[in-house]
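Residues per chain are reported as follows:
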Amino acid sequence: MTTPVLALSGVSRSFGPIEVLHGVDITLHPGRVHALIGENGAGKSTTMKILAGYQPASSGVILLDGQPVTLSSMGDAEARGISMIHQEFNLAEQLTVEQNIFLGRELKRGPFLDKPAMQATTRDLLARLDCHAAPDRVVSSLSNSDKQMVEIAKALLRDTRVLVMDEPTAVLTQTETAVLMAQVRVLRDQGTAVLFTSHKLDEVKAIADDLTIMRDGAVVWTGPASDLDEHQMAEAMVGREVSDLYPPKSTTVGEVVLQVSGLSVPGFAEDISFTLRKGEILGIAGLIGSGRTETFEGLAGLRPAKGAVRIKGRPVTIRHPWQALDHGLCYLTEDRKTRGLLLQKGMRDNLTLQALHKFSQVFLNKSAEDAALDQAIADFDIRGSRSVIVGNLSGGNQQKLLFAKTMLSDPDIIVIDEPTRGIDIGTKQQMYGFIRRLAEQGRAIVVISSEMQEVIGLSDRVLVMRRGRIAGELTGDAASEDAIVRLAMGVGQAATPDKEFV
Amino acid sequence: MSDIAKPPRQIQMGVIGPILALVILVAMGAAMNPNFLGWDNITNVLARSAFIGIIAVGMTFVITAGGLDLSVGSMAAFVAGLMILVMNKALPTMGVGVPVVLLGMAVALGAGLVAGLVNGLLITRLGIEAFIVTLGSMGIYRSLVTWLADGGTLSLDFGLRTFYQPVYYGGLFGISWPIIVFAVVVVLGEILMRSTAFGRHCAAIGSNDQVARYSSVRVARVRLLTYVMLGVLVGVATIMYVPRLGSASSATGLLWELEAIAAVIIGGTVLKGGFGRVWGTVIGVLILTLIGNILNLTDFVSPYLNGAIQGAIIVLAVVLQRESKPGH
Ligand SMILES: Nc1ncnc2c1ncn2[C@@H]1O[C@H](COP(=O)(O)OP(=O)(O)OP(=O)(O)O)[C@@H](O)[C@H]1O
Ligand SMILES: [Mg+2]
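Residues numbered from 1 in each chain as written. Chains lettered and ligands numbered in written order. Predicted model: local features only at pLDDT ≥ 70, side-chain atom pairs only at ≥ 80, totals over all residues. Heavy atoms only, no water.

Draft legend 1. Examining the overall build of chain B more closely. What chain B contains, in helices and strands, is 14 helices and four strands. The C-alpha atoms of chain B give a radius of gyration of 20 Å, which matches the 20 Å a tight globule of 328 residues would have. With the C-alpha coordinates aligned to their principal axes, the bounding extent of chain B is approximately 70 × 55 × 35 Å. A buried classification covers 53% of the 328 residues belonging to chain B. Put simply, of all contacts in chain B between residues at least 6 apart along the chain, 79% involve residues at least 24 apart. Of the roughly 14,500 Å² of accessible surface on chain B, 69% is carried by carbon and sulfur atoms. Treating the 18 positive side-chain charges of chain B as one cloud and the 12 negative ones as another, the clouds have centres 10 Å apart. (Helix = DSSP H or I, 4+ residues; strand = E, 2+ residues; numbered from the N terminus. Rg over C-alpha atoms; globule rule 2.2 N^0.38 Å. Buried < 20%, exposed > 50% of the residue type's maximum accessible area, 1.4 Å probe, protein only. Contact = heavy atoms within 4.5 Å. Areas by Shrake-Rupley, 256 points an atom, 1.4 Å probe, with all protein chains shown as cover. Lys, Arg positive; Asp, Glu negative; His and termini not counted. Charge placed at Lys NZ, Arg CZ, Asp CG, Glu CD.)

Draft legend 2. The arrangement of the sheet that holds strand β21 (residues 461-466) of chain A in detail. Residue and element names in this part refer to chain A. Judged by pairing direction, the sheet is mixed, and its six strands sit side by side in the order β18-β19-β20-β15-β21-β22 without closing on themselves. The outermost strands of the open sheet, each flanked by one partner alone, are β18 (329-332) and β22 (469-475). Going across the sheet, the axis of each strand differs from the next one's by a mean of 20 degrees, ignoring polarity. As paired elements, strand β19 (residues 413-417) and strand β20 (residues 444-448) share five bridges and run parallel to each other. Note on β20: the bridge partner recorded for V415 is V446. Contacting β15 (281-286), β19 and β20, helix α15 (residues 425-440) crosses the sheet at an angle of about 150 degrees to β20. (Pairing = 2+ DSSP bridges. Axes fitted to C-alpha atoms, helices over the stretch in contact; angles between N-to-C directions.)

Draft legend 3. Structural view of the domain arrangement of chain A. Residue and element names in this part refer to chain A. Examined at the domain level, chain A breaks down into domain 1 (6-238), domain 2 (253-328 + 411-502) and domain 3 (337-400). A straight line from the C-alpha centre of domain 1 to that of domain 3 covers 30 Å. Across the boundary between the two partners, domain 1 contributes seven residues, which contact eight residues of domain 3. Carbon and sulfur atoms supply 48% of the area buried between domain 1 and domain 3, which totals about 480 Å² over both sides. In this structure, the connection of domain 1 to domain 3 is made through one salt bridge. (Domains from an automatic or database assignment. Buried area = accessible area lost by both parts, 1.4 Å probe. Salt bridge = Lys/Arg side-chain N within 4 Å of Asp/Glu carboxyl O.)

Draft legend 4. The arrangement of the site of ligand 1 in detail. Near ligand 1 there are 20 residues, and of these G41, K44, S45, T46 and G396 of chain A occur at the shortest range. Among the chains of the assembly, those with residues near ligand 1 are chains A and B. Separating an oxygen atom of ligand 1 from a backbone N or O atom of G395 of chain A is a distance of 3.2 Å. Relative to its unbound accessible area of 640 Å², ligand 1 is 90% covered by the protein chains. For the shell around ligand 1, the element with the most residues is helix α1 (residues 44-51) of chain A, which contributes three residues. (Near = heavy atom within 4 Å. Polar contact = N/O pair within 3.5 Å; in protein donor to acceptor, adjacent residues only side chain to side chain.)

Draft legend 5. The confidence of the model for chain B, seen in detail. Confidence in the prediction of chain B, expressed as mean pLDDT, is 87, and 93% of residues score 70 or more. For this predicted complex, the interface confidence score (ipTM) comes to 0.81, while the overall pTM stands at 0.83. (pLDDT = per-residue confidence, 0-100.)

Draft legend 6. The arrangement of the nonpolar core in detail. All names here are of chain B. I54, I55, M59 and Y164 are the most contacted members of the largest nonpolar core, which totals 94 residues. When residues in this core are grouped by element, the largest group, 13 residues, is from helix α2 (residues 39-64). Leave out the neighbours within four places in its chain, and M59 touches D69, V72, L230, E257, A260, I261 and V264. (Core = buried A, V, L, I, M, F, W, Y, C linked by side-chain atoms within 4.5 Å.)

Draft legend 7. Molecular detail of the pattern of salt bridges. Residue and element names in this part refer to chain A. Taken as a whole and judged by the stated rule, the model has 26 salt bridges over all chains. A salt bridge links K147 to E93, with the shortest nitrogen-to-oxygen separation between them at 3.3 Å. Of the two residues, K147 sits in helix α5 (residues 144-157) while E93 sits in the loop between β6 (82-85) and α3 (97-101), which places them 54 residues apart along the sequence. A relative accessible area of 31% places E93 in the partly exposed class. For E451, the salt bridge goes to K428, with nearest N and O atoms at 3.4 Å. Of this pair, E451 sits in the loop between β20 and α16 (452-458) while K428 sits in helix α15, and the two are 23 residues apart along the sequence. Owing to a relative accessible area of 24%, E451 belongs among the partly exposed residues under this scheme.

In structure tokens:
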């Protein structure tokens with residue numbers, strides 16, 4: 001094999017008294033794609049941040065071209081050809097695409113910015129990524145996937161020998177993932193060393209040359225990716241047998257609890273009608289941008305919407321999210337970082353925020369809150385120190401906390417948007433079991449997901465959305481991946497009378 | 001479980017910092033002038049702190065919820081003017097006595113409430129930046145009081161003033177009313193912030209109003225309430241203030257808003273919102289008042305430099321705050 005370009009040897013990392021990485025070794029070779037997998041909180045992001053100079057190691061060495069180096073900052077690492085794309089977006093939301101890509105390395109002509117040159121380069125880079133965001137669009141107006149592409153374009157601009165990507169595909173659709181993977185292969189063939197994490201093991205299997213598996217802050221397996229199949233990877237990660245990812249479906253559903261007719265969310269969705277029954281899990285499939293999130297945000301009073309909504313037979317008007325909760329309807333956001341959790345606050349304050357009324361007569365009952373947190377930590381297997389601010393929890397544990405928070409307010413109708421984004425496979429299984437149990441307890445559940453397998457495996461019934469409309473409904477065995485894709489792309493015959501054919 | 005999120009040294013600094021500054025100031029004052037720790041001077045300092053302090057407690061909630069109110073100084077002047085005007089008008093029919101004073105107090109509280117409500121509604125209903133709205137209302141109230149006073153000074157009827165004066169100068173067990181009211185406001189404020197859903201909601205909205213909204217918090221209502229509460233507290237402060245001088249003019253309450261905001265920030269509340277502490281605000285107010293007091297008691301430094309020293313302390317407080325931020 002070639003000489004390694006970048007390696008960690010015996011690296012440990014502590015936050016305060018707690019050690020989260022214990023003597024990690026990892027070796028990256030030029031021209032190879034290396035996947036790092038592990039459970040939530042296993043230490044993948046921390047390892048990557050150390051490799052890319054965002055965080056120092058507490059002990060151990062970083063070897064660049066075989067020589068020990070100290071990466072004093074991310075700027076230092078970038079100067080040495082190491083770029084990292086974070087699990088969370090690292091973009092200046094108010095700046096344009098082009099300004100973001102060239103941030104800190106603006107092209108100049110004399111004292112002035114060379115706008116045309118930067119625009120042209122930006123367009124080039126994005127075209128390579130099959131992304132059609134205009135260079136002068138403000139980043140905050142972009143979709144998640146476009147933002148991810150901008151992040152990648154930013155890294156591509158820098159002459160990168162080592163590209164580190166922390167869950168780059170978590171927010172991408174399958175098509176977008178394919179584009180990204182193609183780009184990664186190009187980079188690899190040019191000799192770049194690529195390190196990435198993903199909780200989607202099929203992706204790992206498809207693209208990784210080398211594989212490292214971490215559990216609880218230590219490397220438990222490393223070697224050629226071809227040595228393990230997906231099932232073995234999952235077992236090595238979780239440390240136990242993982243089978244039957246999805247719980248058995250329900251056989252009995254109750255009466256209709258939610259009836260939506262002619263719901264429209266201006267600019268995003270039109271004429272949405274469906275019913276939801278007690279004890280049922282309704283899956284919502286569709287491409288990113290098909291208006292799934294917006295439809296349900298509209299329903300939950302988070303955006304202006306029109307249409308008739310009945311809950312348990314009674315017509316209701318929902319203009320604000322708190323009204324939705326009063327009617328027992330709750331929407332769990334897909335965007336845990338900016339809409340779901342207060343990143344600067346601790347777990348307790350986050351957990352009880354939505355159900356605070358349960359903990360306050362006149363005064364807040366903090367010991368009851370603490371007890372609720374104990375319960376949530378146990379129920380949802382949240383790993384991380386209790387006193388840590390939520391922004392420092394690993395991504396998957398944040399998601400579990402968000403879930404726990406929503407459940408605490410005890411809604412009857414729950415809309416869960418991307419329930420397992422960034423969650424490891426063992427936890428996914430737990431989550432699915434949990435969602436199913438909620439349904440069995442008589443709650444009605446809507447699951448919006450971009451992961452086709454998840455929608456199919458979890459739902460009793462699937463609605464497919466396309467361009468802001470319901471393109472069709474699929475039940476039972478008819479809900480196949482193929483059928484969903486056809487409806488989502490507009491090439492299929494709908495099972496129910498459809499509004500548009502192509 | 002151990003504290004790993006909060007780097008011990010830095011957070012300590014955020015908590016200890018203001019207290020330490022206060023202790024140092026007191027020690028300096030005591031060293032410079034033997035009268036400094038005398039009962040008279042202490043009550044004087046506390047009574048002077050009371051007006052700004054009462055307002056600053058309200059401001060703590062506004063800032064914690066991610067807002068700002070620049071209008072409180074002018075609002076106090078306007079409320080004082082209106083109060084004096086109404087009391088003078090009612091005097092011939094009601095005569096000097098408790099009823100007319102109660103009427104004046106009701107007017108002050110009512111006017112404060114309405115003024116806060118107007119600010120709050122403009123900010124929450126129309127979605128205009130708090131800075132802009134209150135910059136506007138600051139100008140409006142200031143010019144209203146000038147207009148009410150016809151460019152001069154509105155004075156409370158002399159007889160009534162003598163009758164009303166005990167509200168500032170009198171008290172219980174040798175402690176004057178403003179101090180007592182200030183203390184009550186602080187205790188209630190601290191409890192409200194620390195131990196009620198309202199306080200928690202303010203902090204949540206200030207740290208990320210989107211998250212609060214998605215968590216079914218009634219964001220607009222909580223925000224509105226912080227401005228209304230601040231308005232009412234401006235009314236309370238004015239009730240204490242009017243008997244002191246018995247007059248109001250366009251110079252009344254000048255720069256109070258800045259002193260109140262400064263006290264809040266010195267006390268460790270985060271200017272961008274998301275975290276507030278009422279007791280810190282009290283310390284902030286005391287620090288600001290003490291600086292003036294010490295400069296007056298010694299001829300070491302010119303009292304004209306009061307503003308400069310206060311300014312330096314404000315900047316220092318923010319520097320400390322930044323260091324105690326988690327993450328970096
Ligand atoms: N700044 C920090 N302060 C305290 N603890 C931290 C900090 N950063 C990370 N941790 C802890 O270190 C552990 C490893 O976190 P890390 O983010 O590396 O996990 P991960 O493998 O990337 O998980 P995920 O798949 O959920 O993203 C977690 O327990 C986390 O709570
Ligand atoms: Mg991670």
